[in-house]
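Coordinates in review
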Amino acid sequence: RATANARTKLDLTNSTQSRITVRQGVVAYAGSQLKVQYSTDQTTWYDLCVVALSTTANQTLAGTWTNVPAGAKADVFVRVVGISGDGVADPTFGLITLQVK
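Residues numbered from 1 in each chain as written. Predicted model: local features only at pLDDT ≥ 70, side-chain atom pairs only at ≥ 80, totals over all residues. Heavy atoms only, no water.

Moving on, we get to the overall build of the chain. Check the secondary structure of the chain and you find zero helices and eight strands. Listed N to C, the secondary structure of the chain is β-β-β-β-β-β-β-β in terms of helices and strands. Taken over the C-alpha trace, the chain has a radius of gyration of 13 Å; the compact-globule value for 101 residues is 13 Å, and the two agree within 12%. Taken over the C-alpha atoms alone, the chain extends approximately 35 × 25 × 20 Å along its principal axes. Looking at the chain as a whole, 30% of its 101 residues qualify as buried. (Helix = DSSP H or I, 4+ residues; strand = E, 2+ residues; numbered from the N terminus. Rg over C-alpha atoms; globule rule 2.2 N^0.38 Å. Buried < 20%, exposed > 50% of the residue type's maximum accessible area, 1.4 Å probe, protein only.)

Put into structure tokens, the structure is as follows:
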């Protein structure tokens, strides 16, 4: 869930690329993903990077490096959201990391 208490603030001003990495413990629905999104006002959210989840348990997954959009090159709020699940599969996650360079 993308609740307000699961958001943090990051300064991405000098960042050029980002990716999300995750340790997935339990299988996910095929086609589901975790996304990192950013916002300047916590009302409108935009995608920063994404990782496809696995239908195999106990995987360490890394998304591809993606360019940081111009709108994210500031002191922004970030959150992690899950998308494209089926509402039945209940994957579990260990460490979720946003890497920037």
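Okay, back to it.
With that out of the way, let us pick up a nonpolar patch on the surface. A cluster of nonpolar side chains, contributed by Val 80, Phe 93 and Ile 96, occupies part of the molecular surface with about 200 Å² of accessible area. Among the structural elements, Ile 96 can be located in strand 8 (residues 93–100). Taking the relative accessible area as the measure of exposure, Ile 96 reaches 34% and is therefore partly exposed. (Patch = residues over 30% accessible without salt bridge, like charges linked within 9 Å, V, L, I, M, F, W, Y side chains within 5 Å. Areas by Shrake-Rupley, 256 points an atom, 1.4 Å probe, with all protein chains shown as cover. Salt bridge = Lys/Arg side-chain N within 4 Å of Asp/Glu carboxyl O.)

What follows deals with unusual backbone geometry. A positive phi angle is found at Gln 42, which is not glycine, with a value near 60 degrees. Relative to the helices and strands, Gln 42 resides in the loop between strand 3 (33–39) and strand 4 (46–52). Judged by relative accessible area, which is 30%, Gln 42 ranks as partly exposed. Residue Asn 58 is not a glycine yet carries a positive backbone phi of 55 degrees. Take Asn 58: it is sitting in the loop between strand 4 and strand 5 (59–62).

This paragraph deals with the pattern of salt bridges. Scanning the entire structure with this criterion turns up one salt bridge. Where Asp 47 meets Lys 35, a salt bridge forms, and the shortest distance between an N and an O atom there is 2.7 Å. You can see Asp 47 sitting in strand 4 and its partner Lys 35 sitting in strand 3, a full twelve residues away along the chain. Judged by its relative accessible area of 40%, Asp 47 falls in the partly exposed class.

Below, the discussion takes up the layout of surface pockets. Size it by volume and the largest pocket reaches roughly 150 Å³. When residues of the lining of the largest pocket are traced back to their parent elements, those giving at least two are strand 3 and strand 7 (75–83). (1 Å grid on protein atoms, 1.4 Å probe; cavity = no way out; pocket = protein on both sides within 12 Å on 5 of 7 lines; lining within 4 Å. Points joined across faces, edges and corners; volume = space filled by probe spheres on them.)

Considering all chains together, one arrives at one aromatic pair under this definition. Both rings, one in Tyr 38 and one in Tyr 46, keep their centres 5.5 Å apart while their planes meet at 35 degrees; by these two values the pair is tilted. What makes Tyr 38 buried here is its relative accessible area of 7%. In this structure Tyr 46 comes out as partly exposed when scored by relative accessible area, which is 45%. The ring of Trp 65 has Lys 101 sitting right over it, with the charged end atom 4.5 Å from the ring centre. (Phe/Tyr/Trp six-rings, centres within 6.5 Å; stacked < 30°, edge-to-face > 60°. Lys NZ or Arg CZ within 6 Å of the ring centre and 35° of its normal.)

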